[in-house]
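The lines below spell out each chain.
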Amino acid sequence: MSLDSKLERAGVAILAPRMCVLGHDPCGGSEVVLWRDANLIAGAGIPVRMYARAAREGAPVKLIPTRTNSPLITSIEYCGKFLAMEPCAVVMSQNEPTLAVLAPDRAIVRYEWDTPLPRYWNVPGFLGRFQRAFYLFPSRAERKIFQDAHPRIPAESQFVNPYGIDLDAFKPSNGQPRPALRVGFAGQWVPRKGIHTLLDAWPKVRSAIPAAELDVLDGSNLWKVDSPIPGVPEAIARVREEESKGTLRVHPALAHSQMPAFWNSVSVAVVPSLYEPLAGVVLEAMASGVPVVASDVGGFPDMIVEGRSGMLVPPSDPDALARALISLLNDSQLRDRMAAGARRRAEEFSLERRRSDLLALLHLRLNPSREEMKYREQLQRTFADGKG
């Protein structure tokens, strides 16, 4: 039986984080990536089944309710029930590393943000199982965090695969002029996304360029979770206060299909996150021909080429953020040059590449034998530095 036949027969089962509620649109970037990857795999003729603890009514998700309320025990219960429902599939989890110890020979643990392995990972009897699992990261920075925390996990079990972007959906709008002094922010209103840094920087931008505009999409409830996110009420209050002063405009949250129009309505994108493994909004903006000013953290250096497709600034530094925004808004030639460079850079992150590398990883996971060296060579070649 060929590997393709094996994959078609076994299928792929994807487990969402147990704290999330799937099936909403608008939603956070991590959920966008989850559904997009499922569609990429399914498009190759491989059955895909999605699992979560909770989902909106009508979403194509199989539910796994849990009864326990302790992080370690609940993780074992959640992953154990999942595996009982999927005894043969290649299993992928998003930030549920317990899957690695329960099904080490068919598990791919995906990291969208920093989550350590269970504390017993290094205990004899468990270590060997964790070493046999595969680990998938969206950026070099996220992999390094994992490697530093888990030095006994073999490097050949760790892979970097940046997100992909739909280059046909996200592209510059030909013939439609952009407002020259409009900055766009699309992200959750949580402290980690740097919303406070942006709000501290914006008065400095307005002082230098009174005509500058800041358009913010409503990010108060994008990632649907069943427990409060710390710092959200304070962030919402600050944004609403600035909105009432008229210093920025808040637009309703948009479905993902509407995001191309948003990025084509601004001339600069700002992503001031304090940390970010990777961010789909950066690729969306760049593919739309919009230069990005982002924090020099996490996976952003994997995407943004400094001075060519955008600018990187220190995190939590409103002065540096303001200076970068002012320099772009004040210089139309620089802005146009970076806009063209942003589109060229985004083209290196196509969905075709993402699909090819995901399929290579699934093939390798299903049959990691010597005959599969061609798949490992492809993965190491394309994932080696997080870039094309």
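Structure's up top.
No experiment lies behind these values; they were computed from the predicted model shown.

Enquirer: So what's going on with the overall build of the chain? Residues and values would help.
Expert: Each helix and strand in the chain was counted, giving 15 helices and 15 strands. The globule rule puts the C-alpha radius of gyration for 388 residues at 21 Å, and the 21 Å found for the chain is close to it. With 388 residues in all, the chain has 55% of them scored as buried. For the chain, contacts bridging at least 24 residues in sequence account for 69% of all contacts bridging at least 6.

Enquirer: So what's going on with the pattern of salt bridges? Residues and values would help.
Expert: As enumerated under the stated definition, the model contains 24 salt bridges in all. For D105, the salt bridge identified is with R132, shortest N-O distance 2.8 Å. Here D105, found in the loop between α4 (98-102) and β7 (107-110), pairs with R132, found in helix α5 (residues 127-132); they are 27 residues apart in sequence, far enough to count as distant. The closest approach of N and O atoms between K144 and D148, which form a salt bridge, is 2.8 Å.

Enquirer: Which residues make up the side chain of T115, and what are the values?
Expert: Checked against the element boundaries, T115 lands in the loop between β7 and α5. A relative accessible area of 17% places T115 in the buried class. Engagement of the side chain of T115 in a polar contact is seen with the side chain of N95, the distance being 2.6 Å. The contacts of T115, once residues within four sequence positions are left out, are N95 and P97.

Enquirer: Describe unusual backbone geometry, listing the residues and the values that go with them.
Expert: Across residues other than glycine, the phi torsion is negative in most instances, and most of the peptide bonds are trans. Omega for the bond connecting D25 with P26 falls within 30 degrees of zero, at 15°, which places this linkage in the cis form. Tracing the backbone through its elements, the reader meets P26 in the loop between β2 (21-22) and α2 (29-43). Of note, N95 is a non-glycine position whose phi angle comes to about 60°, a positive value. Mapped onto the fold, N95 is located in the loop between β6 (90-94) and α4. By relative accessible area, N95 is classed as buried at 6%.

Enquirer: Lay out the packing of α2 against helix α14 (residues 351-366) with the relevant residues and their values.
Expert: To describe two helices that pack against each other, one gives the angle between their axes and the distance between the axes. At a minimum axis distance of 10 Å, the contact between α2 and α14 shows a crossing angle of 70°. If you check the angle between α2 and α14, you find them roughly perpendicular. Between α2 and α14, the contacting residues are V33, R36, D37, L40 and I41 on the first element and L351, R354, R355, L358 and L362 on the second.

Quick notes on the rules
Residues numbered from 1 in each chain as written. Predicted model: local features only at pLDDT ≥ 70, side-chain atom pairs only at ≥ 80, totals over all residues. Heavy atoms only, no water. Helix = DSSP H or I, 4+ residues; strand = E, 2+ residues; numbered from the N terminus. Rg over C-alpha atoms; globule rule 2.2 N^0.38 Å. Buried < 20%, exposed > 50% of the residue type's maximum accessible area, 1.4 Å probe, protein only. Contact = heavy atoms within 4.5 Å. Salt bridge = Lys/Arg side-chain N within 4 Å of Asp/Glu carboxyl O. Polar contact = N/O pair within 3.5 Å; in protein donor to acceptor, adjacent residues only side chain to side chain. Axes fitted to C-alpha atoms, helices over the stretch in contact; angles between N-to-C directions. Parallel < 35°, antiparallel > 145°, perpendicular 65-115°, else oblique.

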